[in-house]
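Chain and residue survey
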Amino acid sequence: IITNGIKDDGIIITSNYDLLVMSRLICIGRNYKLRHQVRDLHSLQISGTLKSYFFFFLETFLLKKVERVMVSSPEFNNQYYKKIYKGEVILLENIPSKQTWVDFQKRKEEHIFTIGFIGYIRYKNSLNQLIKTVQILAAEGLPVKVVFAGGGDIRGLLKDIKEQNCFEILGPYEYTKDIKRLYSNIDVIYAVYDSFDRNCQLAMPNKFYESIITKIPILVAKNTFVESEV
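This text gives an overview of the structure that appears in the document. (Residues numbered from 1 in each chain as written. Predicted model: local features only at pLDDT ≥ 70, side-chain atom pairs only at ≥ 80, totals over all residues. Heavy atoms only, no water.)

A separate point is the side chain of Arg24. Among the structural elements, Arg24 can be located in helix α1 (residues 17-26). Not counting residues up to four positions away in its chain, the partners in contact with Arg24 are Leu34, Phe61, Leu62 and Lys65. (Helix = DSSP H or I, 4+ residues; strand = E, 2+ residues; numbered from the N terminus. Contact = heavy atoms within 4.5 Å.)

Put into structure tokens, the structure is as follows:
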């Protein structure tokens, strides 16, 4: 909560629906301004189930007192929020801080084509596709490997890997401290998410901006918004 020193005045910024509900209650009888940030669409917003219709009307009610919605992808507004929200919508992209990337340099220490999946480990189908393909290429004698860095379902990832020497799993990392080092030896950024997932179709992942900053090519799924931007 950012206030200007007046008890019943100020700005409340929310980034999930629990906080939005609480903030609506806090604002009763007060002059707070509400702003809501949307980083991803929730499954309840886009599943087409009975629960999603209930959530649609609940969200419409909650947003009536919101003066501004901030989206990380323009498609969140074009495909969803235009239907339920008539206020101001601004694009607040997930662009990494320039300071984090000062003096970034590529360095190739080995003659191996390296694919990097750097981020939270999820979207198992697309990762299985990557693992199987790399194992086939390695079996044919091509010098290729994948570097995975990030938290998430690491155990599930390990179950699918048969040729350990083709893969390097580094686990969780600290973004500002480690990200330059992680990208320094990557030839291609792997950002192929589940194109059947409605949120993935519309979202703009951080990896898109990291590709621009590092000038490393990026591989994405077809039939997605990020594909059109790439």
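Additional details are given in the paragraphs that follow.
With that settled, the discussion passes to the sheet that holds strand β1 (residues 9-14). Two strands in a sheet stick together by hydrogen bonds in their backbones, pointing the same way (parallel) or opposite ways (antiparallel). The four strands lie next to each other as β1-β2-β3-β4, forming an open sheet whose pairing is parallel. The open sheet has two free edges, formed respectively by β1 and β4 (88-91), since each of these has just one partner strand. The sheet shows a mean angle of 20 degrees between the axes of neighbouring strands, direction not considered. Note: strand β3 (residues 66-71) against β4, four bridges, orientation parallel. Directly across from Met70, in β4, lies its bridge partner Ile90. (Pairing = 2+ DSSP bridges. Axes fitted to C-alpha atoms, helices over the stretch in contact; angles between N-to-C directions.)

Our next topic: the packing of aromatic side chains. Note on aromatic pairs: each is described by the distance of the centres and the angle between the planes. The final tally for this structure, using the stated rule, is 11 aromatic pairs. Here Tyr123 and Tyr193 contribute two aromatic rings whose centre-to-centre distance is 4.9 Å and whose plane-to-plane angle is 45 degrees, an arrangement assigned as tilted. Here the residue Tyr123 occupies a position in the loop between β5 (113-118) and α5 (124-139), and Tyr193 occupies one in the loop between β8 (188-191) and α8 (198-202), the gap between them amounting to 70 residues. When sorted by exposure, Tyr123 lands in the same class as Tyr193, which is buried. Centre to centre, the rings of Phe148 and Phe167 are 6.3 Å apart; their planes meet at 20 degrees, and the pair counts as stacked. Here Phe167 lies in strand β7 (residues 167-169) and Phe148 lies in strand β6 (residues 144-149), a separation of 19 residues in the sequence. An aromatic cluster is built from Phe117, Tyr123, Phe148, Phe167, Tyr190 and Tyr193, whose rings are joined through pairwise contacts. Geometry around Phe61 places Arg24 over its ring, the cationic atom sitting 4.7 Å from the centre. (Phe/Tyr/Trp six-rings, centres within 6.5 Å; stacked < 30°, edge-to-face > 60°. Buried < 20%, exposed > 50% of the residue type's maximum accessible area, 1.4 Å probe, protein only. Lys NZ or Arg CZ within 6 Å of the ring centre and 35° of its normal.)

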